[in-house]
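# Observations on chain architecture
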Amino acid sequence: MNILITGASSGIGEELAKRYSKDENRLFLVARSCEKLNALKKSLKNVETLCIDLSNLEEATRVGEELSSKNLDLIILNAGVSLGHNSQELPPLEDFTNLFNINFLSNHAVLQPLEKGLKERGGKIVFISSLASIFTMPTSIAYSSSKRALNSYADGLRLSLKPYGVEVVNILPGFIETPLTDKNRFKMPFLMSLKEGVDRIESGIDKGVHTLIFPKRFYIIIKLLSLLPLKLKSRLINRRLPSNG
Ligand SMILES: NC(=O)c1ccc[n+]([C@@H]2O[C@H](COP(=O)([O-])OP(=O)(O)OC[C@H]3O[C@@H](n4cnc5c(N)ncnc54)[C@H](OP(=O)(O)O)[C@@H]3O)[C@@H](O)[C@H]2O)c1
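The following paragraphs examine the structure supplied in this document. (Residues numbered from 1 in each chain as written. Predicted model: local features only at pLDDT ≥ 70, side-chain atom pairs only at ≥ 80, totals over all residues.)

Looking only at helices and strands, the protein chain features ten helices and seven strands. Scaling as 2.2 N^0.38, a compact globule of 245 residues should have a C-alpha radius of gyration of about 18 Å, and the protein chain matches this with 18 Å. Dimensions along the principal axes, computed over C-alpha positions, put the protein chain at roughly 55 × 40 × 35 Å. Each of the 245 residues in the protein chain was classed as buried or not, and the buried ones make up 36%. A separation of at least 24 residues holds for 68% of the contacts in the protein chain among residues at least 6 apart in sequence. (Helix = DSSP H or I, 4+ residues; strand = E, 2+ residues; numbered from the N terminus. Rg over C-alpha atoms; globule rule 2.2 N^0.38 Å. Buried ≥ 20, exposed ≤ 12 C-beta atoms within 10 Å, placed from the backbone. Contact = placed C-beta atoms within 7 Å.)

As structure tokens, then:
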């Protein structure tokens, strides 16, 4: 298979790159850090790297354009950032825009030039969303909004591409140990090791499930929380959060 993985320089993306590195696969790895990508290129098989800042949507479009002739079979759109969970103040517009560009709009920028080829040949597109898209904490409004937008995009794209034999897999993981979660200063419920998290992601991709949400127990708790009356929900949530001051 010809496989594109964005955000392949660390965490989930790097682990997926290691797993998909096989004689029969050709990998195209995208991230900002050339150094980390080049180290992967040296240690893995059949790797090409693109050092790109996906927050720049022209650059992101260039990724799709450059790879449109590569007959991609599997496109894993994994790159993402979080602003942390440390403040209840709304983030500055610049940070919000940057996050939205990386977590959401860059996916469209990469995919749009690939649409024609995908419709001709079929293929599989994978989004790495988050359980945070199901319930928005006051400390993660930007992150959760970007991932919920991604869910909506994935749903529409799945319907749009189904007649062409293109599968769309949307994955909503809970907390997984990576550099992204290392900076969280609170106890993360149901935190999983990178290996366990990527085992589940890889199996979801292989099976071609539409939407994979895990861990299930955390999902049920979040779902129940979201159904509570606002007054009770606000009391429960706000007493566990850092104050604005
Ligand atoms: N870890 C979790 O608990 C968890 C849970 C749910 C969902 N997710 C999602 O899983 C995905 C991967 O996260 P992770 O936990 O593996 O985090 P991570 O270790 O911080 O990896 C994030 C990846 O995204 C790349 N990236 C960030 N900004 C970029 C930019 N502007 N341009 C290009 N690449 C960029 C990073 O590479 P460079 O820094 O080199 O650019 C890195 O390779 C994200 O979408 C995240 O939202 C994670």
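There's plenty left to go through after this.
Taken together, 29 residues are adjacent to the ligand, and Gly7, Gly11, Arg32, Ser33 and Gly80 come closest. Residue assignment for the shell around the ligand shows that the elements contributing at least two residues are helix H1 (11-20) and helix H7 (179-182). Partitioned by chemical class, the residues of the shell around the ligand number 14 nonpolar, twelve polar and three charged. (Near = placed C-beta within 6 Å. Nonpolar A, V, L, I, M, F, W, Y, C, P; charged D, E, K, R; others polar.)

Attention shifts here to the packing of helix H4 (residues 93-111) against helix H6 (residues 141-161). Running from N to C, H4 and H6 cross one another at 15°; their axes reach a closest spacing of 9 Å. The angle between the axes of H4 and H6 places the two elements in the roughly parallel class. Of the two possible hands of crossing, H4 and H6 adopt the one that is right-handed. Across the interface between the two elements, Phe96, Leu99, Phe100, Asn103, Phe104, Asn107 and His108 from H4 touch Ala142, Tyr143, Ser146, Lys147, Ala149, Leu150 and Tyr153 from H6. When its residues are assigned to classes, the contact of H4 with H6 shows nine nonpolar, four polar and one charged. (Axes fitted to C-alpha atoms, helices over the stretch in contact; angles between N-to-C directions. Parallel < 35°, antiparallel > 145°, perpendicular 65-115°, else oblique. Left-handed = near helix turned anticlockwise from the far one by under 90°.)

Spatial strand order, E3-E2-E1-E4-E5-E6-E7: seven strands in an open sheet with parallel pairing. The strands lining the two open edges of the sheet, one partner per strand, are strand E3 (47-51) and strand E7 (211-214). The sheet shows a mean angle of 15° between the axes of neighbouring strands, taken without regard to direction. In terms of strand pairing, strand E6 (residues 166-173) meets E7 through four bridges, oriented parallel. Bridging from a neighbouring strand, Leu172 pairs with Ile213 of E7. Against the sheet, H6 touches strand E5 (123-128) and E6, its axis set at about 160° to E6. (Pairing = 2+ DSSP bridges.)

At the junction of Phe214 and Pro215, the peptide bond is cis and its omega measures out at -5° in the coordinates. Relative to the assigned elements, Pro215 resides in the loop between E7 and helix H9 (216-227). Despite not being glycine, Asn46 shows a phi value in the positive range, around 50°. Relative to the helices and strands, Asn46 is located in the loop between helix H2 (34-43) and E3.

Here helix H8 (residues 194-207) contains 14 residues, and its C-alpha end-to-end distance of 20 Å stays within 8% of the 20 Å for a straight helix at 1.5 Å per residue. Turning to H8, its buried residues number three or more, namely Gly197, Val198, Ile201, Gly204 and Ile205. Seen end-on, H8 carries its buried residues on one side only, within an arc spanning 120°. Exposed residues pointing more than 90 degrees away from the buried face of H8 are listed as Lys195, Ser203, Asp206 and Lys207. (Expected span 1.5 Å × (residues − 1). Arc of directions from axis to C-beta.)

The buried fraction of strand E1 (residues 2-6) amounts to four of the five residues, a majority that puts the element mostly inside the structure. Pairing of E1 with strand E2 (residues 26-31), which is carried by five bridges, proceeds in the parallel orientation. Considered in E2, the bridge of Asn2 is made with Arg26. Between the parallel pair E1 and E2, the chain is carried across by H1, and the sense of this crossover is right-handed. (Right-handed = clockwise from strand over helix to strand, strands pointing away.)

Angle between the axes and distance between the axes: these two values describe a pair of packed helices. It is the contact of H1 with H8, at a shortest axis distance of 10 Å, that shows an interaxial angle of 65°. Of the two possible hands of crossing, H1 and H8 adopt the one that is right-handed. Contacts from Gly11, Ile12, Glu15, Leu16 and Arg19 of H1 reach H8 at Leu194, Gly197, Val198, Ile201 and Glu202. Residues belonging to the contact of H1 with H8 are distributed by class as follows: five nonpolar, two polar and three charged.

Interpretation in functional terms is not warranted from these geometric data alone.
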